[in-house]
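# Chains, contacts and geometry: an overview
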Amino acid sequence: MYIVLLGPPGSGKGTQAEVLSRVFDAGHLSTGDLLRDILENQDHPLYPKVQVIKEGRLVSDEVVNQVVEDGLKRPEFRNGAIFDGYPRTPAQAAALDRMLAARGKKVDVVIDLDVTKDVLLYRLLGRLVCPRCKRIFHERQGLAECPDCGVELVRRGDDNEETIMQRLEEYKDKTAVLQDYYRNSPAVYIRLRISDASKTAGDVQEEITDRLRQHNVI
Ligand code: ADP
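Residues numbered from 1 in each chain as written. Predicted model: local features only at pLDDT ≥ 70, side-chain atom pairs only at ≥ 80, totals over all residues. Heavy atoms only, no water.

A tally of regular secondary structure across the protein gives 8 helices and 7 strands. Here the C-alpha radius of gyration of the protein, 17 Å, is about what a compact globule of 218 residues would show, namely 17 Å. Along the first, second and third principal axes, the C-alpha set of the protein runs to 45 × 40 × 35 Å. Taken across its 218 residues, the protein has 48% of its residues classed as buried. Once local pairs closer than 6 in sequence are excluded, the contacts in the protein between residues at least 24 apart make up 67%. For the protein, the accessible surface area stands at approximately 11300 Å², while carbon and sulfur atoms represent 46% of it. Charge centroids of the protein, computed over 32 positive and 35 negative side chains, lie 3 Å from each other. (Helix = DSSP H or I, 4+ residues; strand = E, 2+ residues; numbered from the N terminus. Rg over C-alpha atoms; globule rule 2.2 N^0.38 Å. Buried < 20%, exposed > 50% of the residue type's maximum accessible area, 1.4 Å probe, protein only. Contact = heavy atoms within 4.5 Å. Areas by Shrake-Rupley, 256 points an atom, 1.4 Å probe, with all protein chains shown as cover. Lys, Arg positive; Asp, Glu negative; His and termini not counted. Charge placed at Lys NZ, Arg CZ, Asp CG, Glu CD.)

Right, let's talk about the layout of surface pockets for a bit. Of the pockets and cavities examined, the second largest pocket occupies roughly 250 Å³. Broken down by secondary-structure element, the contributors of at least two residues to the lining of the second largest pocket are β4 (109–115), α5 (117–125) and α6 (161–175). Per element, the largest residue contribution to the lining of the second largest pocket is 5 residues, and it comes from α6. Along the lines of polarity and charge, the residues of the lining of the second largest pocket split into 8 nonpolar, 2 polar and 6 charged. (1 Å grid on protein atoms, 1.4 Å probe; cavity = no way out; pocket = protein on both sides within 12 Å on 5 of 7 lines; lining within 4 Å. Points joined across faces, edges and corners; volume = space filled by probe spheres on them. Nonpolar A, V, L, I, M, F, W, Y, C, P; charged D, E, K, R; others polar.)

As a further point, take the packing of helix α2 (residues 31–39) against helix α3 (residues 61–71). Relative to each other, α2 and α3 sit at 100°, their axes nearing to 11 Å. Viewed along their axes, α2 and α3 adopt a mutual orientation that is roughly perpendicular. Each of T31, L34, L35 and I38 in α2 lies in contact with α3, whose residues at this interface are V64, V67 and V68. Grouping the constituent residues of the contact of α2 with α3 by class yields 6 nonpolar, 1 polar and no charged. (Axes fitted to C-alpha atoms, helices over the stretch in contact; angles between N-to-C directions. Parallel < 35°, antiparallel > 145°, perpendicular 65-115°, else oblique.)

Here we come to the sheet that holds strand β1 (residues 2–6). What the 5 strands build is an open sheet, ordered β2-β3-β1-β4-β7; its pairing is parallel. In this open sheet, the two edge strands, each paired with only one partner strand, are β2 (27–30) and β7 (188–194). The mean inter-strand angle of the sheet, taken between neighbouring strand axes irrespective of direction, is 15°. Two strands pair when backbone bridges link them, and β1 and β4 are joined in this way by 4 bridges, in the parallel orientation. (Pairing = 2+ DSSP bridges.)

Turning to the site of the ligand, a few remarks are in order. Neighbouring the ligand are 18 residues, the closest being T31, R57, G85, R88 and R167. One nitrogen or oxygen atom from the side chain of T31 is found 2.8 Å from a nitrogen atom belonging to the ligand. Starting from 540 Å² of accessible surface for the ligand in isolation, the protein chains cover 97%. (Near = heavy atom within 4 Å. Polar contact = N/O pair within 3.5 Å; in protein donor to acceptor, adjacent residues only side chain to side chain.)

Moving on to a negative patch on the surface. Together, D196, D203, E206 and D210 make up a negatively charged patch on the protein surface. Positionally, E206 belongs in helix α8 (residues 201–214). Residue classification places E206 among the exposed positions, given a relative accessible area of 55%. (Patch = residues over 30% accessible without salt bridge, like charges linked within 9 Å, V, L, I, M, F, W, Y side chains within 5 Å. Salt bridge = Lys/Arg side-chain N within 4 Å of Asp/Glu carboxyl O.)

The next subject is the nonpolar core. In terms of nonpolar packing, the biggest core is built from 33 residues, with F83 and Y182 touching the most fellow members. Where this core is concerned, the elements lending two or more residues are β1, α2, α3, β3 (81–84), α4 (90–101) and α7 (177–183). In terms of residue count, α4 provides more of this core than any other element does, 5 residues in total. Sequence-distant contacts of F83, defined by excluding residues within four places in its chain, comprise Y2, I3, V4, L5, L29, V68, L72 and L96. Within the second largest apolar cluster, 24 residues are counted, among which are A17, L113, L168 and I190. (Core = buried A, V, L, I, M, F, W, Y, C linked by side-chain atoms within 4.5 Å.)

Opposite charge on two side chains makes pairing possible when the charged atoms of those side chains draw close. In the structure shown here, the tally under the stated rule is 18 salt bridges. The closest approach of N and O atoms between E76 and R74, which form a salt bridge, is 4.0 Å. Taking the relative accessible area as the measure of exposure, R74 reaches 40% and is therefore partly exposed. With its nearest N and O atoms 2.9 Å apart, the salt bridge here joins D158 to R156. With respect to class, D158 is no different from R156; both count as buried.

Take a look at the structure:
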């Protein structure tokens, strides 16, 4: 099963990707996580090319496509992948179609998380991440450490208001066109509107499951 999650920064792609990865026994491929790993390794050949992340700009299509192509070779993706943060441009979508076609596969489902700006800002400005397992929390939960790893939770360097606004603009400019790309593709297209900050990840998960059932995907 190959699923693409669309949605602006803070829309919950990472959280839902984790759940879907368990449901479908498919790997969770987060380009943000893969690129941040490179950012922490000065010896990596792509290290200079991922520095733009710090300004909230997109990494070049060429670099990201390479990172995904390499990532997909890992054993956890033998049954499929849940793409979180990829593709983000039509050129990346075309590259993904080619990568999957080479394996005799295609994007099966697209889930578009349509979250309002107020909800996004509330979530991103309060977001805390476990540096080890990458699980995501919110400061309203009052946790200092990851309950699983016991490691101190941190804020991401790019979760500040200025960079967030830049990322939302980038999303509108570049990624919104992917909605048309996938609506005109054979993939099942599921759009969820989220305008209420009190809606939990579990609520969204249930809605996704219902919609996947309606489309006979599960
Ligand atoms: P967010 O969705 O909150 O912006 P991500 O973890 O998905 O966070 O991505 C963090 C940063 O990594 C992005 O702002 C961008 O600079 C870079 N990035 C991630 N995925 C891609 C991609 N598919 N294409 C280009 N840049 C990417």
